[in-house]
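This is what each chain is made of:
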Amino acid sequence: MKIPRTVTIKGEAWKIRRKKKIVEQGHECDGLCDYTKKTIYIASALKGDEAAITFMHEFLHASIRELHVDIDRGVEETLVDGLATILLKQFDIKPRKRT
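Residues numbered from 1 in each chain as written. Predicted model: local features only at pLDDT ≥ 70, side-chain atom pairs only at ≥ 80, totals over all residues. Heavy atoms only, no water.

**Student:** What's the story with the pattern of salt bridges in this structure? I'm lost.
**Tutor:** When their charged atoms lie close together, side chains carrying opposite charge are able to pair. Taken as a whole and judged by the stated rule, the model has three salt bridges. Between Glu12 and Lys38 there is a salt bridge whose closest N-O contact spans 3.9 Å. Taken as a pair, Glu12 in strand E2 (residues 12–19) and Lys38 in the loop between strand E5 (31–34) and strand E6 (39–43) lie far apart in primary sequence, 26 residues in all. Since its relative accessible area comes to 34%, Glu12 is described here as partly exposed. Taken together, the salt bridges that share partners define one network made up of Glu12, Lys38 and Glu66. (Salt bridge = Lys/Arg side-chain N within 4 Å of Asp/Glu carboxyl O. Helix = DSSP H or I, 4+ residues; strand = E, 2+ residues; numbered from the N terminus. Buried < 20%, exposed > 50% of the residue type's maximum accessible area, 1.4 Å probe, protein only.)

And the structure:
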């Protein structure tokens, strides 16, 4: 799967950026949605399936935000983790091989 540089969610443009180190609430993480900047960050160290799953996970967080859905943080994490994996497998989305 080729991760795009931008996506549009409900008419709102979101940027996707790679970042060497992503820290949220004092913990290093693989991805992050910055709702203020409308930017999805993905750790630059991630490759292949890990990068694709992280992108889909953060894309789903951004989508929930744009839908103005207010759900418990733990429930949201479980939901986006599961949906990211299901969507990638269902539509046979695979990372693009580097040449």
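**Student:** Would you take a moment to explain helix H2 (residues 73–90) for this structure?
**Tutor:** Its 18 residues place the ends of H2 25 Å apart at the C-alpha level, agreeing with the 26 Å of an ideal helix rising 1.5 Å per residue. For H2, the complete set of buried residues consists of Glu76, Val80, Ala84 and Leu88. Along the long axis of H2, the arc covered by the buried residues comes to 75°, so they all point the same way. Those residues of H2 that are exposed and angled more than 90 degrees off the buried face are Thr78, Ile86, Lys89 and Gln90. Of the surrounding secondary structure, the elements contacted by the buried residues of H2 are helix H1 (48–66). With a side-chain oxygen lying 3.0 Å from the backbone nitrogen of Gly74, the N-terminal cap of H2 falls on Asp72. (Expected span 1.5 Å × (residues − 1). Arc of directions from axis to C-beta. Contact = heavy atoms within 4.5 Å. Polar contact = N/O pair within 3.5 Å; in protein donor to acceptor, adjacent residues only side chain to side chain.)

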